[in-house]
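# A structural walkthrough
The chain contents come next:
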2 protein chains.
Amino acid sequence: MATDTIEKKPKNLDGKLKNTKMVYTFKAKGAEGKADMKNLLGGKGANLAEMCNLGIPVPPGFTISTDVCSYYYENNNKLPEELKEQVLDALKNIEKEMGRKFGDPKNPLLLSVRSGARRSMPGMMDTVLNLGINDEIAESMAKLNKNNRLAWDSYRRFVQMYGDVVLGLRPVARTDSDPFEEIIEHKKYQRGIQSDIELNTSDLKDLVTDFKKAIQLRTGNVFPQDPMEQLWGAIRAVFESWNNDRAKKYRALNGIPDEWGTAVNVQTMVYGNMGNDSATGVAFTRNPSTGENHFYGEYLLNAQGEDVVAGVRTPQSINRFGKKNEQDVTLEVRMPEAYDQLMQIREKLEQHYKDMQDIEFTIEKGKLWMLQTRNGKRTAAAALRIAVEMVDDGMIDEKEALKRIQPEQLDQLLHPSFDPKAQKEQIATGLPASPGAATGRVVFHADDAEEWTEKGEKVILVRIETSPEDIGGMNAAQGILTARGGMTSHAAVVARGMGKCCVAGCSAIHISYHDKLFKVGDHLIKEGDYISLDGTTGEVYLGSIATIAPQISGNFKKLMSWADKIRKMSVRTNADSGKDARLAREFGAEGIGLCRTEHMFFEEDRIDAVREMIMAEDKAGRQEALDKILPMQIKDFMEIFEAMDGYPVTIRSLDPPLHEFLPNRHELFEELVSLKMKLKNLNDLKEIDKVLSRIRKLEKIREKVENMTEFNPMLGLRGCRLGIMYPELTAMQARAIFEAACQCKRHGIDAKPEIMVPLITSVAELDNQKDVIRKTAQEVMDKHVMDVPYLIGTMIELPSAAIRAREIAKSAEFFSFGTNDLTQTTLGLSRDDSGKFLPEYVKKGIFEADPFQVLDQKGVGELVKTAVEAGRKTNKKIKLGICGEHGGDPKSVTFFGEVGLDYVSCSPYRVPIARLAAAQAQL
Amino acid sequence: MATDTIEKKPKNLDGKLKNTKMVYTFKAKGAEGKADMKNLLGGKGANLAEMCNLGIPVPPGFTISTDVCSYYYENNNKLPEELKEQVLDALKNIEKEMGRKFGDPKNPLLLSVRSGARRSMPGMMDTVLNLGINDEIAESMAKLNKNNRLAWDSYRRFVQMYGDVVLGLRPVARTDSDPFEEIIEHKKYQRGIQSDIELNTSDLKDLVTDFKKAIQLRTGNVFPQDPMEQLWGAIRAVFESWNNDRAKKYRALNGIPDEWGTAVNVQTMVYGNMGNDSATGVAFTRNPSTGENHFYGEYLLNAQGEDVVAGVRTPQSINRFGKKNEQDVTLEVRMPEAYDQLMQIREKLEQHYKDMQDIEFTIEKGKLWMLQTRNGKRTAAAALRIAVEMVDDGMIDEKEALKRIQPEQLDQLLHPSFDPKAQKEQIATGLPASPGAATGRVVFHADDAEEWTEKGEKVILVRIETSPEDIGGMNAAQGILTARGGMTSHAAVVARGMGKCCVAGCSAIHISYHDKLFKVGDHLIKEGDYISLDGTTGEVYLGSIATIAPQISGNFKKLMSWADKIRKMSVRTNADSGKDARLAREFGAEGIGLCRTEHMFFEEDRIDAVREMIMAEDKAGRQEALDKILPMQIKDFMEIFEAMDGYPVTIRSLDPPLHEFLPNRHELFEELVSLKMKLKNLNDLKEIDKVLSRIRKLEKIREKVENMTEFNPMLGLRGCRLGIMYPELTAMQARAIFEAACQCKRHGIDAKPEIMVPLITSVAELDNQKDVIRKTAQEVMDKHVMDVPYLIGTMIELPSAAIRAREIAKSAEFFSFGTNDLTQTTLGLSRDDSGKFLPEYVKKGIFEADPFQVLDQKGVGELVKTAVEAGRKTNKKIKLGICGEHGGDPKSVTFFGEVGLDYVSCSPYRVPIARLAAAQAQL
């Protein structure tokens, strides 16, 4: 007997559940639970109770609390003794309410047994429907309802479901077919019919018998005829399903703690398949896709809920708004009374929950029953529209509206996306390096990308990794796909800056530049073939897929203005050009938090001068090259100051290792080898001389490249170390900044430079560079007879700088936390290399999330806190900000708000996200 | 008048020197100063005073304090008003003592004016001798002394010295000849003579006249006839010389603060050149080279001190111990009375100072005068012998003896060194990567090193950088020279492990493997040419230089035993093989603090299996390769356990990125290209198939190498990340450790494994690996029915781990601070790449020292402290140690003692250094 599983004396009964209410009933006249008891009753149970309390018709039932689930697992899978009595009491309550009796063939009450966790885990756990039938009851039901087929089909469905979920007859290997379906197929074959609907009552009876036999034969379990044994078996099975593999995996992926447990909802069965006066459906109180304030849903006539899910028949719209075909008959038309009732319930639920609801309903012989309500999932656009319209309608206030939007979601609104209706064949997944969707023909070289684009083709640039020389091609391409590199590889950073779709570090693709193709799994993709990239998810698809352009409605602006009213941190942008700066201003940036001068160095018109500077043998040679770069830098800064007129512009002095500006080491080597090989086969003296001269030139460059190559460039000669080794470099940049600022001022533009020294370990490096900058600034301002107010500050991006922040704050006018590098050094983790093991680290729970996307608060965050406290204590006037990638991550922004930063800075496209997140940090 | 320089009202007179004693006299009956007033009187002045106090004959004089020097520089190069009176008083004192009068032609007193800083800065500052002569006094002296030549020669020397030092007539450019020497040369040419000695009194008189003319003509300064003006000029000049270029450079190099300033010593002149009853000399109270307890020194008859320095005549030994030739006449024989007096003074000084003294003396007409005493510089061997013998003689106690030895010095005793008498031509300087001296013929390939060595040649292996494949050749070579890589590059680490001389990162040399030569400056060194390396200094010399073997005397052991009695920290070693472990035991290591298993992986007999493991497509393939490595690892560990019988052995699981074990990317490419070229010329089908198959294999390896290449391997897939990605790797290593331990136990060897998980960021990684290790350990011990006690701990080598030490200490049984990586990550500084800018950083004072040699206490040290405190607080039983390179650095060891570590660990050759440093940390 299954009830034996309720132990008389559980081994570890800690007394917690003794004399505790474990079962909560709900019925027409009210419920013992309510909506805010989700932790105890699960989301489904709490909302069923709430609907009862609102007087909405819900099939009566009861919920077994999540505490029982915890008890179950803490006590070697035993149920508490007292549960039995409470369940029996609750059952009596239902029987009384429905005027039927569980297990009574003359007037049987059938039940559904469903899971229901604190947070929805759709389809992960088990459900048993039609529980409470046995041979005798089935016979009797057929007579009572005058519907043989319904009775036996219900019984057949129950045995099948119970046999699978509770008694364990299911496919062993993934490739096995379902044992019950096999039996059904066999019966159809015997009968020479095609569809399940053609099975008659006799067939269904046979199937019940065959199912029971198969269960006993293959699992050794006898199908229980006792409805009470059925009930306890199902309750246990639902608790068990909390720990099945897919549920555990889902929890791990969605950050749901194992300790929460599930509740069990036992509820009267209602039938939408009792004839043409019956139906079942699901609906949203508003359009979940657009947010329009229209009731929106689908129904199936004469069907059970599972039929909607199974997709055997095509559901129809409940009303005119969702109608697809002229000939469809909506619920509104077919059952106007039930539809009216639904509309009232819709109104009641929205007014009550103050949010768009996702509901399930069944109409049994004309009577409407509500089976579920919960806050509905929605697209970003819908979320925005619903929130703003609810404020307009006075349902919620602005703060509540701000809370309703996931900042991350806004990203969808700022980039193109794939048409959700399009068919897609996924071939690989990389890192979602830069959001958006792109479709185009594959090219493997930046030059090709430019050429093809000029000819009017849309292309996707596919590279093993990108380098500064590819920038033109990247700009021309619709999207970029790389086989190597992380979220902050060259490709990723540049693409995000351009707002261009990019999937990076897609290690499954194997590229041959030589043959102009790449392999991925069994697919061979050649130059010119179409592929599509989703930069928001990192997915790569075969062929061309239609994209839809971003739509930014007036609601967006409205919401942003509310956010701006509330937030305390200001939001700046990371922008390296006038173009980016203007874009960021449109997105609401209040200044530049990080202007990376190195991106200017990569520009085509100056890379030669930059290389000349690097190749210079001495200071004089370097100075000569720097003199060529100076006017270009002045122009860059003027454009930026103009775009940011009146707003602060934080400019970081040159940061990357200089060898990044030189040609690739391996490509040089390969070219040299092939030139030398060529030389062997040459006879023409002139030709030989030509090749020899080229070899000599390359050898010289190669010597420099080899000489400058670093084992760990991230920890090498970069940041302020460059400026300390070559003060003339810092001086040139300072000169460009102040020349630009003075010239801008002459034109009435208010330039507010804030100069930032990168990669210091202590105040000594800052002071060294400060001297150079101050001296140059004074020279330029004296020359122009002008005064440009400016600040000099530093990045805090090394643990040492955070630890020694107190002494640094004495000299720095601002700190900007470079959380990218601070994460790299604190965790000893290279952004570009960690792609190989980070997913495994997250999967195993060693890291809660990718620390380059979400700030690691326990390690890196501690250093940020330390430095903030030390900085504020030492220098009351210090400005504190953050310019790492985390400036655009909502969770991290909340943290920065908590520790008291003055601003965050992020890429232009993430400015709105940061504005919202900064507002939420205040709520 | 020079006295005008004493300002009546100095601008910034802060009152500090008002009413302050600035001048301290010393004379036969005692002095106003004493030995412990070095800060005020400088080393020379304090010791002159002390000798007077001891009743030792010192020419009377006075010292102007260093405070006056500070005042001078703080007040725009003015001397304090009150100084004049104090100097005049002191001068009167000398006159009274000597019975002569300064500036009195009838009985003139001549003076020397010398610098004297707190710490000796030999030859860096200026000196004026024979001061107080003018035309009239010279004439009169000649008559009084009945020695025309001496009088005029003294005057000539004075005008020359004063003209240079005070009046500024000196060579302008380095290449100019000395203006005074030019005049002398001209005079000798006129007179047709060769040597200075042939100049007669008349010539000397002419020279004085010519000198004075030249000074006036070329500098505009008139040579002052007033002795008092001469004196003030000389005092000012000595103060000025504190800030001349060479003094400033010397201070920067030797860490002497600019603020210290110099004192000025004004002292009665005595003459060692008054005839054959006069002499001058320098001596050490014991042999400074060997430490033997013999008086040891040289003298010149009838000469002045500067003649000894000038090297015009060869000095002779003062006694039989230093006698070089039979015909030499020692001072002992020539002037037995003076010698006896010297012997008594020697005794007195040693008894007083309790240390070996370096003295200067002059004998004027039979009377002995002491001019200087100070603690003598000595070799490491001498330091050791002197300290131990002084303890034996009861002069000092053991603690004092321990303080007398610089731990760093011991290094000299543990490696061969160049014969100090050998001639050397230096051609380059690299990093002193592994100490010792080596001479041999240049080879450029590891294979050649082995071949040549087998043929009986001694070779130096010269490489751009070394790789694991070079180990055989490195072992065969006498020494290793690399053009690239830092103090912890592969070459450096392996060489130190082998105790082999290595100069690394010598960027001045340009190697062509193809032509088998390297260029450095104007030198072209070909294969087979001799060079010599000093791994202790990083110097590279041309040709072959004789080396001398290390001599470890019984004194060494004695001193070590005293150190062991006092120190509280234990000293372990970093050793990766049985051989190293045995060596370290001999040096007194009390266990292994770091056994790097990766060096075992590089061994020739297993690199193939290691590569097989890396190339494996799946877990099964990896396991197969690991099974091959297992028995070899067992053998490795058994040898180590045996050598460390009863002592703990800390074994770190595999740490480096796996691609380090794969062939070089470039070499692979080169081979591939040449194979493809070869293919073109082949006709034989079989041959073609063979080459094709080789190409396919190489392509596959190359693909893997490309795939595994990392941008920043230091921050990539390494450390525990390997074990987390491939648990079978950790399991194999754990299996090898416990198999070895059990088998050792069966043979009566007490194995004490401590397993160390590297590169964790939080406790999660440790726990993950602990599970694998514990499980494997139990399996092996169950199999052997044995119990091996062991610990599992972790490296703290990332800032994150230090910050989160509290939670880690709950799970770890020990912490070992990996200060190499902790320095790299805390400072964002790659050991292998920082060679390019670290020297500049140290020179500019941004770093106090190379942070990879001396622990950066303010940044890295803070993290160590944080983790130590958190660790001890959470886990009372936790063991704390350090296994970075800093474990062998005395300054760092002191720090580790202060923060309370239980042990330090260092390379075998540094164990004695660490033992001494750990003892000094207690003193």
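The structure reproduced in this document is the subject of the present report. (Residues numbered from 1 in each chain as written. Chains lettered and ligands numbered in written order. Predicted model: local features only at pLDDT ≥ 70, side-chain atom pairs only at ≥ 80, totals over all residues. Heavy atoms only, no water.)

What follows concerns the interface of chain A and chain B. The partner chain B presents 59 residues to the 58 residues of chain A that form the contact. Here chain A meets chain B over a buried area of about 5400 Å², counting both sides, of which 60% is carbon and sulfur. Where chain A meets chain B, there are four salt bridges. Between Asp-856 of chain B and Arg-804 of chain A there is a salt bridge whose closest N-O contact spans 4.0 Å. Our enumeration of links across chain A and chain B arrives at 23 residue pairs in polar contact (both at pLDDT 80 or more). Elements supplying a minimum of two residues to the side of chain A that touches chain B: helix 24 (665–680), helix 25 (685–708), helix 26 (720–725), helix 28 (763–784), helix 29 (799–803), helix 31 (819–827), helix 32 (838–843) and helix 33 (860–874) of chain A. Examining the composition of the side of chain A that touches chain B, we find that six residues originate from one element, helix 24 of chain A, more than from any other. When its residues are assigned to classes, the side of chain A that touches chain B shows 23 nonpolar, 16 polar and 19 charged. (Contact = heavy atoms within 4.5 Å. Buried area = accessible area lost by both parts, 1.4 Å probe. Salt bridge = Lys/Arg side-chain N within 4 Å of Asp/Glu carboxyl O. Polar contact = N/O pair within 3.5 Å; in protein donor to acceptor, adjacent residues only side chain to side chain. Helix = DSSP H or I, 4+ residues; strand = E, 2+ residues; numbered from the N terminus. Nonpolar A, V, L, I, M, F, W, Y, C, P; charged D, E, K, R; others polar.)

When chain A is fitted to chain B, the residual RMSD is 0.6 Å, and the transformation amounts to a turn of 179° plus an axial shift of 0.3 Å. Overall, the copies show the geometry of a two-fold rotation axis. Closest approach to the rotation axis within chain A is made by the C-alpha atom of Asn-712 of chain A, at a distance of 2.1 Å. Both copies share a contact surface, since 100% of the interface residues of chain A are interface residues in chain B too. (Least-squares fit on C-alpha atoms with pLDDT ≥ 70 in both.)

All names here are of chain B. When you tally the buried positions in helix 15 (residues 407–414), you get six out of eight residues, the bulk of the element. Among all positions in helix 15, only Pro-407, Gln-409, Leu-410, Asp-411, Leu-413 and Leu-414 are buried. Residues of helix 15 that are buried sit in contact with helix 13 (380–392), helix 19 (554–566), helix 34 (890–899) and helix 35 (911–922). (Buried < 20%, exposed > 50% of the residue type's maximum accessible area, 1.4 Å probe, protein only.)

Let's shift gears to the pairing of strand 10 (residues 357–364) of chain A. All names here are of chain A. Of all eight residues making up strand 10, seven are buried, and the element is well covered by its neighbours. Pairing analysis gives six bridges linking strand 7 (residues 279–284) to strand 10, with the strands arranged antiparallel. Bridging across to strand 10, Ala-283 finds its partner in Ile-359. Examined bridge by bridge, strand 10 and strand 11 (residues 367–375) share eight bridges and lie antiparallel to one another. Bridge pairing in strand 11 links Asp-358 to Arg-374. The antiparallel pairing of strand 10 with strand 11 creates a hairpin that spans two residues between the two strands, and Lys-365 there sits at a positive phi of about 45°. (Pairing = 2+ DSSP bridges.)

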